[in-house]
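So you can see what is in the structure, the chains are spelled out below.
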Amino acid sequence: MERKELINGGKVKSVYNTTDEDKVIIEFRDDMTAGDGERKEVMNKKGCLNAVISSKIFQYLESKGIKTQFIELLENNVMLAQKLDMIPIEVIVRNIATGSLVRKYPIEDGTKLDPPIVQMDYKDDEFHDPMLNYSIIKALGIATQDEIDILVELAGKVNDALREFFDQAGIILVDFKIEFGRDEEGNIILGDEISPDSCRLWDKETLEMMDKELFRKGKDDEVMDAYLEVYNRVLSDDDKSKYGL
Ligand code: TYD
């Protein structure tokens, strides 16, 4: 499989066409950004940690019957994936209230959300990712009602599976963001990444943060230790000897 031209240079990942027109190569770079890309640092090994953690999670979700774009890891930070027509919606699932939710609404930080909240934001830095509703999604022509229903159903399934996955690793899944795309037949497939960049993860015992929130709060020297701790907890010893991170 050979890498061809760059089709999307994102803030932290680069997507390339390949010699197989149904597949793309996603390179996870060591860049770390916050605030719509306003603050940017390079963190050694971050790309590898996020790619390996995402791969593990996508394989786990596949085992639970959830289709993902993941095919295989070609290198520690390079993923071969099914090519999708990405839908510009950030689907956010929240099990505990924190972050923008408590900044925007009268709800106390740390409140358990049962049932979880499913929120959709329009993925566009220029407009600062505004929150969507069903009418706006349809007016912008982003997705049909049937597709929206599928996104909500899949978000719930991913949440159920991931909560269990992280619980086994002694981690609370506070909230996370996922993205979906359409395959050639129009099926909705989970894409992008699921990593400490896109989830809020708290240690079950100490409630310490183990995700990108540390970077958002300026604790840059603690970020990679936290990502490494997530890696150490969610990967098996066999996996770890293979990746050697
Ligand atoms: P949210 O509380 O909306 O954002 P903020 O970090 O601004 O308070 O975030 C909810 C979850 O979704 C959190 O785990 C981070 C993740 N997320 C992303 O990965 N990318 C994004 O662009 C946004 C808005 C959230």
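Calculation rules
- Numbers given for residues are sequential positions, taken from 1 along each chain in its written order.
- Local features in this predicted model are restricted to residues whose pLDDT is 70 or higher, and side-chain atom pairs enter the listing and the counts only when it is 80 or higher, whereas totals over whole chains, interfaces and linings include all residues.
- Heavy atoms throughout the structure, all of them, feed into the side-chain values; hydrogens and water do not.
- UniProt positions are given in the numbering used here, feature names are shortened, and annotations may be inferred rather than shown by experiment.
- A helix here means a DSSP run of H or I that spans at least four residues, while a strand means a run of E at least two residues long, and both kinds are numbered starting from the N terminus.
- A patch consists of residues whose relative accessible area exceeds 30% and which take part in no salt bridge; residues with like charges are grouped when within 9 Å of each other, and nonpolar side chains (Val, Leu, Ile, Met, Phe, Trp, Tyr) when within 5 Å.
- In this description, accessible areas are obtained by the Shrake-Rupley approach with a 1.4 Å probe, and a residue is regarded as covered only by the protein chains that are shown.
- Salt bridge, as applied in this entry: a Lys or Arg side-chain nitrogen positioned within 4 Å of an Asp or Glu carboxyl oxygen.
- Note that His is not counted, nor are the chain ends; the positive residues are Lys and Arg, and the negative ones are Asp and Glu.
- Here the site of a charge means NZ on Lys, CZ on Arg, CG on Asp, or CD on Glu.
- A 1.4 Å probe rolled over the protein chains alone gives each residue an accessible area, and that area as a share of the maximum for its type sets the label: buried under 20%, exposed over 50%, partly exposed in between.
- Whether two strands pair depends on DSSP finding at least two bridges between them.

The name that an unreviewed UniProt entry assigns to the chain is Phosphoribosylaminoimidazole-succinocarboxamide synthase, with the source organism given as Methanobrevibacter woesei. Looking at the Catalytic activity (unreviewed entry) heading of the UniProt record, one finds this comment for the chain: "5-amino-1-(5-phospho-D-ribosyl)imidazole-4-carboxylate + L-aspartate + ATP = (2S)-2-[5-amino-1-(5-phospho-beta-D-ribosyl)imidazole-4-carboxamido]succinate + ADP + phosphate + 2 H(+)". Database annotation for the chain, UniProt heading Sequence similarities (unreviewed entry): "Belongs to the SAICAR synthetase family."

A. Summary view of unusual backbone geometry. For the peptide bond that leads from D114 to P115, omega is 5 degrees, which places it in the cis range. You will see that D129, though not glycine, has its phi angle at about 45 degrees, which is positive. With respect to the secondary-structure elements, D129 resides in the loop between β10 (112-122) and α3 (134-139).

B. Structural detail: a negative patch on the surface. A surface patch of like charges, here negative, comprises E21, D22, E184 and E185. As for its placement among the helices and strands, E185 is situated in the loop between β11 (171-182) and β12 (188-191).

C. Local environment of the pairing of strand β13 (residues 199-203). Where burial is concerned, most of β13 is hidden: five out of the five residues are buried. Where β11 and β13 come together, five bridges link them in antiparallel fashion. Within β13, the position partnered with I171 by the bridge is D203.

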